[in-house]
Amino acid sequence: MMMAPRTEILVEREAEVFRPEIVVLFCQHCVVPDADLTVAGMATSRFKAKLVMIPCTGKIETSQLLSILAEGVDGIQVVGCPRQQCHRLDGNLRAEKRVERVRQFLHEIRMGTERLDMERGLDFSGLQLMLLAERRANAVKPLGPNPMKGDSD
Amino acid sequence: MIIAEAKPILELVQQLAGLRRVLIAGCGCCVAECAAGGEREVETLAPLLRMALQVEGHPLEILTKTVERQCEWEFVEELAELVPKVDAVLSLACGIGVQAVAERFPDVLVYPGVNTTSLALREEAGLWVARCQACGDCRLGETFGLCPVARCAKSLQNGPCGGTRKNGKCEVDENLDCVWNLIVERAIARGQLETLLRVRPPKDWSNSHHGGPKQMLREDLRP
């Protein structure tokens, strides 16, 4: 008896693919004035991103970074001005220390330091912010989803 | 000011593993000033502990409240509404506050969240240096405002040990100024070096750490 050829189609079910959720906290002075920030809404199968503009990275508190992660976000990318170019003198330097402190916490509690990092630069476009988000997502992927997913209050 | 340092997070995880709900109680006084146990530190520790315990497989619900001072009964009372709802209180106050909470709420587990270390001055942002050891017999007027009890590595009372380094640093700790060198320099600057040669009665060490808890009683302030 001749058997009909079998074609197996592998369907990648979206629910089984880890799409890291990345929050980008960026200083308003790091982006070009007409940056298209709606790019975050563009669909991508690789990751999800939320772009959050803040007046200065110096406004970011350690507790805020930890709270965002405790809500289940997989990773945070902070984007601030270059070291000597903060509009508020040393806000970016304070942010750098706070980011490093939280990275140390993440290492101690075995959540993975790569869930948080800081990038410095100027004149980013919306697309470039998304590229930074993708880079963060790629760094987070080996760590797996945030253990807090589905457990936020 | 009493200063304290945050306990390692893994030590807190070990203490709290297995509990269902914990109240983190902050103190708005000394530990807030030294960034160890105030409201900001409570709001930092709460999500951090939640994540740490989730990773360890012991999910924990955390309530938070910061009171003005945990060394006054009236403020400790503000925790009364929340304490019955939790399995334990993690107090970020100094040892005084932790004990006050434990005494007021004897039926709940109370854990310290910080290590109380010393009485210190904030020399500059982010740096606190011990300046007092509560010896109970203050002689700062005789040493030009510099305390050899707290600031001398050997707590010498009669002058330098003879091991002061050429740069004025202590022989025990090369990063520490020899306080007797500072005292002598200040005496010279004021033209009063000879006052250090006066014979003084022995220091009264009866307030020292051994011998049980100290008390101060003021009859004029009692009801």
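Residues numbered from 1 in each chain as written. Chains lettered and ligands numbered in written order. Predicted model: local features only at pLDDT ≥ 70, side-chain atom pairs only at ≥ 80, totals over all residues. Heavy atoms only, no water.

Chemist: Just checking my understanding: could you explain the overall build of chain B for this structure?
Modeler: In terms of helices and strands, chain B carries seven helices and seven strands. Overall, chain B shows an N-to-C arrangement of helices and strands of β-α-β-α-α-β-α-β-α-β-β-β-α-α. Counting only C-alpha atoms, chain B reaches 65 × 45 × 30 Å along its principal axes. Looking at chain B as a whole, 38% of its 223 residues are labelled buried. Sequence separation of 24 or more characterises 59% of the internal contacts of chain B that already satisfy a separation of 6 or more. (Helix = DSSP H or I, 4+ residues; strand = E, 2+ residues; numbered from the N terminus. Buried < 20%, exposed > 50% of the residue type's maximum accessible area, 1.4 Å probe, protein only. Contact = heavy atoms within 4.5 Å.)

Chemist: Got a minute to help me understand the sheet that holds strand E3 (residues 61-67) of chain B in this structure?
Modeler: Sheet strands associate in pairs through backbone hydrogen bonding, adopting either a parallel or an antiparallel arrangement. Residues and elements named next belong to chain B. One open sheet holds the four strands; their spatial order is E3-E2-E4-E5, and the pairing between them is parallel. Strands with a single pairing partner mark the edges of an open sheet, and in this sheet they are E3 and strand E5 (109-112). Pairs of neighbouring strands in the sheet enclose a mean axial angle of 25°, with direction left out of account. Where strand E2 (residues 21-27) meets E3, seven bridges bridge the pair, whose relative direction is parallel. Bridged to Cys27 within E3 is Val67. Sheet strands touched by helix H1 (residues 9-16): E2, strand E4 (88-91) and E5. Its angle to E5, the strand with the most contacts, is close to 170°. Its contacts with the sheet place helix H5 (residues 95-104) against E4 and E5, and it is angled at close to 175° to E5. (Pairing = 2+ DSSP bridges. Axes fitted to C-alpha atoms, helices over the stretch in contact; angles between N-to-C directions.)

Chemist: It is not clear to me how the pairing of E5 of chain B should be interpreted in this structure. Could you clarify?
Modeler: Moving residue by residue along a regular strand, the side chains alternate between the two faces of the sheet. Residue and element names in this part refer to chain B. Two strands pair when backbone bridges link them, and E4 and E5 are joined in this way by four bridges, in the parallel orientation. Looking at E5, one finds that Ala88 is bridged to Leu109. One crossover worth recording links E4 to the parallel E5 by way of H5, and it is right-handed. (Right-handed = clockwise from strand over helix to strand, strands pointing away.)

Chemist: Please clarify how empty space enclosed by the protein should be interpreted in this entry.
Modeler: A probe matching the size of a water molecule, rolled over the atoms, marks out where space remains unfilled. Residues and elements named next belong to chain B. Following the criterion strictly, the structure yields one cavity of 30 Å³ or more and no others. Its boundaries defined by the atoms lining it, the largest cavity holds a volume of some 110 Å³. Lining the largest cavity are 16 residues, with Cys152, Ala153, Cys161, Cys170 and Cys178 sitting closest to its centre. When its residues are assigned to classes, the lining of the largest cavity shows 10 nonpolar, two polar and four charged. (1 Å grid on protein atoms, 1.4 Å probe; cavity = no way out; pocket = protein on both sides within 12 Å on 5 of 7 lines; lining within 4 Å. Points joined across faces, edges and corners; volume = space filled by probe spheres on them. Nonpolar A, V, L, I, M, F, W, Y, C, P; charged D, E, K, R; others polar.)

Chemist: Explain the layout of surface pockets to me, please; I cannot follow it from the model alone.
Modeler: Looking at the largest pocket, its volume works out to about 990 Å³. Residue lining of the largest pocket: 33 residues in total, with Thr62 and Arg101 of chain A together with Cys34, Ala35 and Glu41 of chain B positioned closest to the centre. Contributing elements (two or more residues each) for the lining of the largest pocket: helix H1 (62-70) and helix H2 (91-108) of chain A together with strand E1 (2-6), H1, helix H3 (39-55) and strand E7 (127-132) of chain B. In terms of residue class, the lining of the largest pocket is built from 18 nonpolar, five polar and 10 charged. Looking at the second largest pocket, its volume works out to about 700 Å³. Forming the walls of the second largest pocket are 19 residues, and the residues nearest its centre are Ile96, Gln133, Ala134, His209 and Lys214 of chain B. For the lining of the second largest pocket, the secondary-structure elements that each account for two or more residues are H5, strand E6 (114-124) and E7 of chain B. It is E6 of chain B that contributes the most residues to the lining of the second largest pocket, four residues altogether. For the lining of the second largest pocket, the class distribution of residues is eight nonpolar, 10 polar and one charged.

Chemist: Can you walk me through the side chain of Glu134 of chain A in this structure?
Modeler: Tracing the backbone through its elements, the reader meets Glu134 of chain A in helix H3 (residues 126-140). Look at Glu134 of chain A and you get buried, because its relative accessible area is 16%.

Chemist: Explain the confidence of the model for chain A here, please?
Modeler: Predicted coordinates in regions of low pLDDT should not be interpreted in detail. With 87% of its residues at a pLDDT of 70 or more, chain A has an overall mean of 88. Scored below 50 in pLDDT, residues 7-12 of chain A makes one contact in the model with residues more than four places away or belonging to other chains. (pLDDT = per-residue confidence, 0-100.)

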